[in-house]
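# Residue-level structure breakdown
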Amino acid sequence: MARYGLAGPERPYGVDEVAARIRELGLRTVRLAVVDQHGVPRGKMMSPEAAIAAMSDGLDFSGAIYSLDTGNQVFVPAFARGGGFGIAEFTGFPDVVLVPDPGTFRVLPWADRTGWMLCDVYFGNGQPVPLDGRGLLRRVLAELGEAGYDYLAGLEVEFSIVIRSPEQLAPENAGFTPPPPPVSVFERGYQFLSEVRLDSMGETLEAIRDALSDIGLPPRSMEDEWGPGQLEFSFAPMAGLDAADAAVLFRSAVKQVCQRRGLLATFMCRPALPNFFSSGWHLHQSLLSRADGSNAFASDSAALSDLARHYVAGLLEHALPMMVFSTPTVNGYKRYRPYSFAPDRVTWALENRGVLVRVQGAPGDSSSHVEMRIGEPAANPYLYMAANIAAGLDGMRREQQPPPAVEADPYAADAPMLPTSLADAVQHLDADDFYRKAFGDTLIDYLLQMKRAELARYEAALAEKPPAEGQEVTDWEMREYFEFF
């Protein structure tokens, strides 16, 4: 940390305070986690003293994680120069260095005497890894700060819980990728917002509620959604990097609490289970003025300020190439269909749940904000938020104006259609100059290469075993995403 200036005044680290807490609490293990390109935490369980030392010395960690796709298969040529994606430091599957962020320290209440910290990731020469989404979001937030604003995000995430049935996974089925585990329904569906349904899931929801509260993420609301065992959790607004970190910790906590109870929580968008429904991730967002701390999206005379309208215009203009960041899986595109309460085209409106960008607010409302309804629950939080902020900031800088807002049926509006497949979304991103300039060629080329490899495996699987007539979600998708996410 000292050698490469990673603990400067702009990056305050409470190393001594966290070290003291680890020792005072008598922790036996501290998990050090880094969020990979898929938004999934990877990590090591360290002894207390090793974790404390890592806050100053860093921790060697296999850089091979960046060569893995959603099936945990290496998608690049093994041992090729530049790691197979043109980054010299990745030649030969080297280690990277994790630098724990003490500000993320938590004690996990469901694990015995176990702490947890998120990490930033660097090469051994002290340079940040350009594929690290957390580092990218930090840079985008810094650009927003230079413009005079801070980002505020409210998370609203849907997911499903199922019961894991007893199974014996035969060794011949344990490879890449194993069959999805057999499951049964956790709770009946089709009683939207039912209090009775919530109570019947009470023991599990209370365990999740308590776990989240104990790690500093008390849910603002827990709701019964439409499908069997489908839930929606929302959280009070949080500042930029904290919001993305919270999304990672929330998903991981829910999955861990559930698996200890014989359940499986999946953030896969649309599981191939009869009568199940798609889940989304609605990202509520606004900007705070650094000058006075006020909501820069609020207006005394309109639902949104002029600045907010510029921000919305940027979101709409860059929505199509944004989709690789908001909807990174083959499965997520099964959600965009007419009259599904998910968007199917690039529209915006005041208080309309069928549009891409929904405005929530009114003249004089200090909490006016916009809700991006494009995301799937499996999205990488850092990439999803960074893509929104970069697009909105571009609209602000150019003082763009959005097209007329939808006033009636958004599914009949004359507006550009959203991509209907990951392949289409990849083409939009490949042809886009904006995100290349905003995020850099290295990251964009890497993501395109990874997603094309994923699509090639998907298409090969369909060629080998075409889906049955009427089968919307393929067996490949269930193997690839159901348990992983």
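Above: the structure in question.
Computed from a predicted model, the values in this text were never measured in an experiment.

## Here we look at the pattern of salt bridges
In this structure the tally under the stated criterion is 30 salt bridges. Its salt-bridge partner being Arg373, residue Glu371 comes within 2.9 Å of it at the nearest N-O pair. Here Glu371 matches Arg373 in class, with each residue buried. The partner of Arg398 in a salt bridge is Asp394, and the shortest N-O contact between them spans 2.9 Å. Residue classification places Arg398 among the partly exposed residues on the basis of a relative accessible area of 46%. We classify Asp394 as buried; its relative accessible area is 13%. Here the residues in one salt-bridge network are Asp101, Asp120, Arg134, Arg138 and Asp245, joined through shared partners.

## A closer look at the state of the cysteines
Per the stated rule, a full pass over the model turns up 0 disulfides. As a non-bridged cysteine, Cys258 has Cys269 as the owner of its nearest cysteine sulfur, 18 Å distant. Of the residues examined, Cys258 reaches a relative accessible area of 0% and is grouped as buried. Judged by its relative accessible area of 0%, Cys269 falls in the buried class.

## Here's the deal with helix α10 (residues 422-430)
Among all positions in α10, only Leu422, Ala425, Val426 and Leu429 are buried. Along the axis of α10, the buried positions cluster into a sector of 105 degrees, meaning they face one direction only. Contacts made by the buried residues of α10 are with α8 (319-326), α11 (434-439) and α12 (441-464).

## Quick word on the packing of aromatic side chains
As enumerated under the stated definition, the model contains 27 aromatic pairs in all. Here Phe235 and Phe250 contribute two aromatic rings whose centre-to-centre distance is 5.1 Å and whose plane-to-plane angle is 70 degrees, an arrangement assigned as edge-to-face. With a gap of 15 residues between them, Phe235 in the loop between β10 (230-234) and β11 (238-239) and Phe250 in helix α6 (residues 240-259) connect regions that are remote in the sequence. With a relative accessible area of 0%, Phe250 lands in the buried category. Relative to Phe439, the ring of Tyr435 has its centre 5.2 Å away and its plane inclined at 45 degrees; by these criteria the two rings are tilted. In this pair, Tyr435 and Phe439 both sit in helix α11, 4 residues apart, roughly one turn of the helix. On the basis of relative accessible area, Tyr435 is assigned to the buried category, the value being 0%. Members of the aromatic cluster, connected to one another through ring pairs, are Tyr66, Phe75, Phe85, Phe90, Phe123 and Tyr446.

## A word on the environment of Ala247
Tracing the chain through its elements places Ala247 in helix α6. By relative accessible area, Ala247 is classed as buried at 5%. The residues contacting Ala247, other than those within four sequence positions of it, are Leu155, Trp281 and Pro381.

## Quick word on unusual backbone geometry
One non-glycine residue, Asn72, lies in positive phi territory at about 60 degrees. For Asn72, the position within the fold is in the loop between β3 (59-62) and β4 (95-100). Unlike most non-glycine residues, Glu399 shows phi in positive territory, near 50 degrees. The topology assignment puts Glu399 in the loop between α9 (381-397) and α10.

## Some details on the environment of Asn380
Structurally, the position occupied by Asn380 is in the loop between β16 (369-375) and α9. Since its relative accessible area comes to 4%, Asn380 is described here as buried. With 247 residues separating them in the primary sequence, Asn380 and Gly133 have C-alpha atoms 7.9 Å apart. When sequence neighbours within four positions are dropped, the list of residues in contact with Asn380 reads Asp36, Gln37, His38 and Gly39. One polar contact links the side chain of Asn380 to the main-chain carbonyl oxygen of Asp36, over a distance of 3.2 Å.

## Re the side chain of Lys451
As for its position among the elements, Lys451 is in helix α12. Each residue touching Lys451, except ones within four places of it in the same chain, is listed here: Thr70, Val324, Pro328, Leu422 and Val426.

## What to know about the packing of α10 against α12
One can describe the packing of α10 onto α12 by two numbers: an axis separation of 10 Å at closest approach and a directional angle of 160 degrees. Looking at the two axes, α10 sits roughly antiparallel to α12. By crossing handedness, the relation of α10 to α12 is classed as left-handed. Residues Leu422, Ala423, Val426, Leu429 and Asp430 of α10 touch α12, and the partners they reach there are Ile444, Leu448, Lys451, Arg452, Glu454 and Leu455. When its residues are assigned to classes, the contact of α10 with α12 shows 7 nonpolar, no polar and 4 charged.

## Description of the side chain of Asp69
One can find Asp69 in the loop between β3 and β4. A polar side-chain atom of Asp69 sits 2.9 Å from the main-chain amide nitrogen of Gly71.

## Side note on the pairing of strand β9 (residues 221-224)
Across 4 bridges, the pairing between β9 and β10 is antiparallel. Note that in β10 the partner of Asp224 across the bridge is Leu231. Here β9 folds back onto β10, and the loop between the two strands holds 5 residues, one of which, Gly229, carries a positive phi near 65 degrees.

## Here we look at the packing of helix α3 (residues 133-146) against α6
It is at 9 Å that the axes of α3 and α6 come closest, and there the two elements cross at 155 degrees. Here α3 is positioned roughly antiparallel relative to α6, judged by the angle of their axes. For the crossing formed where α3 meets α6, the hand is right-handed. Of the residues in α6, those touching α3 at Arg134, Leu137, Arg138 and Leu141 are Gly240, Leu241, Ala244 and Asp245.

## Some thoughts on the nonpolar core
Grouped together as the largest cluster of nonpolar side chains are 149 residues, with contacts concentrated most on Tyr66, Tyr151, Leu155, Leu287, Met385, Tyr435 and Phe439. Tyr66 has contacts with Val34, Gln37, Phe75, Phe85, Phe90, Val121, Val129, Leu131 and Tyr446, leaving out every residue within four places of it along the chain.

Rules behind the numbers
Residues numbered from 1 in each chain as written. Predicted model: local features only at pLDDT ≥ 70, side-chain atom pairs only at ≥ 80, totals over all residues. Heavy atoms only, no water. Salt bridge = Lys/Arg side-chain N within 4 Å of Asp/Glu carboxyl O. Buried < 20%, exposed > 50% of the residue type's maximum accessible area, 1.4 Å probe, protein only. Disulfide = S-S within 2.5 Å. Helix = DSSP H or I, 4+ residues; strand = E, 2+ residues; numbered from the N terminus. Arc of directions from axis to C-beta. Contact = heavy atoms within 4.5 Å. Phe/Tyr/Trp six-rings, centres within 6.5 Å; stacked < 30°, edge-to-face > 60°. Polar contact = N/O pair within 3.5 Å; in protein donor to acceptor, adjacent residues only side chain to side chain. Axes fitted to C-alpha atoms, helices over the stretch in contact; angles between N-to-C directions. Parallel < 35°, antiparallel > 145°, perpendicular 65-115°, else oblique. Left-handed = near helix turned anticlockwise from the far one by under 90°. Nonpolar A, V, L, I, M, F, W, Y, C, P; charged D, E, K, R; others polar. Pairing = 2+ DSSP bridges. Core = buried A, V, L, I, M, F, W, Y, C linked by side-chain atoms within 4.5 Å.

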